[in-house]
Amino acid sequence: MTDQPRPSTGPDRAPDLFTWEFAADPYPAYAWLREHAPVHRTRLPSGVEAWLVTRYADAKQALADQRLSKNPAHHDEPAHAKGKTGIPGERKAELMTHLLNIDPPDHTRLRRLVSKAFTPRRVAEFAPRVQELTDQLIDRFARRGSADLIHEFAFPLPIYAICDMLGVPREDQDDFRDWAGMMIRHGSGPRGGVARSVKRMRGYLAELIHRKRAALPAEPAPGEDLISALIRASDHGEHLTENEAAAMAFILLFAGFETTVNLIGNGTFALLTHPGQRHLLQDSLARGERGLLETGVEELLRFDGPVELATWRFATEPLAIGGQDIAPGDPVLVVLAAADRDPARFADPDLLDLARRDNQHLGYGHGIHYCLGAPLARLEGQTALATLLTRLPDLRLAADPAELRWRGGLIMRGLRTLPVEFTPVP
Ligand code: HEM
């Protein structure tokens, strides 16, 4: 274990992407791309050819460029590949007409509606519940002296939190945990079990929304759940349809789940492998301070964030990014993980510095699709890490860091398991 940054010098030729080695540590390959091929056309494991954008300035510009559409209908994919590329909207399921797959003006209308329901105030009111959930999960393994922090902690926390917030009754939340587990284990590809889980979730959400609409009181009660607030949300007389509300609930679950699992997982891993930084944070928490925790969670997002690549974008007209011409219909993937280690933007980018100040990372995206759930993610990340380090002060890895397996998914970056040990606490 070391506090030293890994060197980010890459090989002499374009590195192999999407191998197991790459999944374990993609940063040297990203350093090579940033330097030698900052807008790089590559064939993805699904067979689709896409542009990877790896420099910070280009990434930021691309994320805000309205000529890059989120609507998969703009993809010029060959007929023989239809439905096999893993591009989400292809399956045309009703739940896929959500914020991350649509453009203005629909996006503007739906985002405004959901922003009325999913407010920073609602998230702040939820803080005691997140703390309670965090403590309950730690209680389950604290006496044992060991745990797998992915399965026993990082995985259940966000799913129970978002279910509670949406207003999914407690007795149904384990079903959600199982459906979400299926999606995280097998990715979002159109495979049998995943498709079944999505279908069950859709059926359940449609019925729940229907029931809540029928029982909705005229005036909102304090602490009203998010689904009720979504049903209530209206804009110049325009209401969300039940289908839009179901797609919205689904994207909140989907976008807010695996991301937060990986924020907690990658964040804890980074702290356990950077003991100097971890002790600074532990000392500041012991003094009752929150400043280093807040800048620290942002730095963990920059240093090894959950979203490796932003979700799909497609050129709607000819354009250039970083001097590279892009043709209409071409998919563009903005590599947030590469942009956030760009030495042209961040001093010592491979160094984990929890106190980093000038830290406008792209971990939550940028522009009109900027993460809607960032306040909830921050609340969960800060609560989870602070509580772990405070309640289990000698927490340590129970495996060689080089032996840990990373998921090889395209969009997300996260560990499969995170075995830890600590002195048991009664
Ligand atoms: C969008 C990251 C947690 C809901 C995004 C985007 C990123 C991101 C990068 C933009 C994607 C793009 O432009 O292609 C993260 C990270 C999280 C996190 C790193 C955790 C650490 C959450 C949570 C929720 C959420 C907890 C909700 C409960 C959303 C939604 C969008 C979004 C609804 C789409 C917004 C739009 O298209 O207007 N997120 N997210 N996210 N996120 Fe998050």
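- Where an unreviewed UniProt entry is consulted, the protein appears under the name Cytochrome P450 hydroxylase, with the organism given as Streptomyces lucensis JCM 4490.

1. Regarding the nonpolar core
Step number 1: Counting 75 residues, the largest nonpolar core has Ile162, Leu166, Leu230, Met248 and Ala249 as the members making the most contacts within it.
Step number 2: Considering each element in turn, this core owes the most residues, 16 residues, to helix H12 (residues 242-272).
Step number 3: Contact partners of Ala249, with chain neighbours within four places excluded, come to Leu166, Leu205 and Ile227.
Step number 4: Core analysis: the next-biggest nonpolar cluster, separate from the first, contains 36 residues, Ala31, Phe314, Val334 and Ala338 among them.

2. A few points about the sheet that holds strand S4 (residues 146-148)
Step number 1: If you trace the three strands from one edge of the open sheet to the other, you get S4-S12-S11, paired in antiparallel fashion. The open sheet is flanked by S4 and strand S11 (396-397), the only strands paired with a single partner.
Step number 2: Taken together, the two bridges between S11 and strand S12 (residues 419-421) define a ladder with antiparallel strand orientation. Bridging from a neighbouring strand, Leu397 pairs with Val420 of S12.

3. Comments concerning the sheet that holds strand S3 (residues 68-69)
Strands in a sheet are paired, the pairing made by backbone hydrogen bonds, and the direction either parallel or antiparallel.
Step number 1: A sheet is described by the order of its strands in space; here five strands give the open sequence S1-S2-S10-S7-S3, paired in mixed fashion. Strands at the two margins of the open sheet, each flanked by one partner only, are strand S1 (39-43) and S3.
Step number 2: Pairing analysis gives two bridges linking S3 to strand S7 (residues 313-315), with the strands arranged antiparallel. In the strand pairing of S7, Ser69 is matched with Phe314.
Step number 3: Packed on one face of the sheet, helix H3 (residues 56-64) meets S1, strand S2 (49-53), S3 and strand S10 (331-334) and runs near 125° to S10.

4. A closer look at the pairing of S1
Every regular strand shows the same layout, with side chains that alternate between the two sheet faces.
Step number 1: With five bridges joining them, S1 and S2 adopt antiparallel strand pairing. Bridged to Arg43 within S2 is Glu49.
Step number 2: Once S1 ends, the chain turns through five residues before running back antiparallel as S2, passing Gly47 with a positive phi of about 100°.

5. Some words on helix H8 (residues 156-166)
Step number 1: The buried count for H8 comes to 10 of 11 residues, which makes it a mostly enclosed element.
Step number 2: When H8 is considered as a whole, its buried residues turn out to be Pro156, Leu157, Pro158, Ile159, Tyr160, Ala161, Ile162, Cys163, Met165 and Leu166.

6. A word on the site of the ligand
Step number 1: Near the ligand lie 27 residues; those nearest to it are Gly256, Thr259, Gly365, Cys371 and Gly373.
Step number 2: Elements represented by at least two residues in the shell around the ligand include exactly H12 and helix H16 (374-391).
Step number 3: A class-by-class count of the residues in the shell around the ligand yields 17 nonpolar, nine polar and one charged.

About the thresholds
- Residues numbered from 1 in each chain as written.
- Predicted model: local features only at pLDDT ≥ 70, side-chain atom pairs only at ≥ 80, totals over all residues.
- Core = buried A, V, L, I, M, F, W, Y, C linked by C-beta atoms within 7 Å.
- Buried ≥ 20, exposed ≤ 12 C-beta atoms within 10 Å, placed from the backbone.
- Helix = DSSP H or I, 4+ residues; strand = E, 2+ residues; numbered from the N terminus.
- Contact = placed C-beta atoms within 7 Å.
- Pairing = 2+ DSSP bridges.
- Axes fitted to C-alpha atoms, helices over the stretch in contact; angles between N-to-C directions.
- Near = placed C-beta within 6 Å.
- Nonpolar A, V, L, I, M, F, W, Y, C, P; charged D, E, K, R; others polar.

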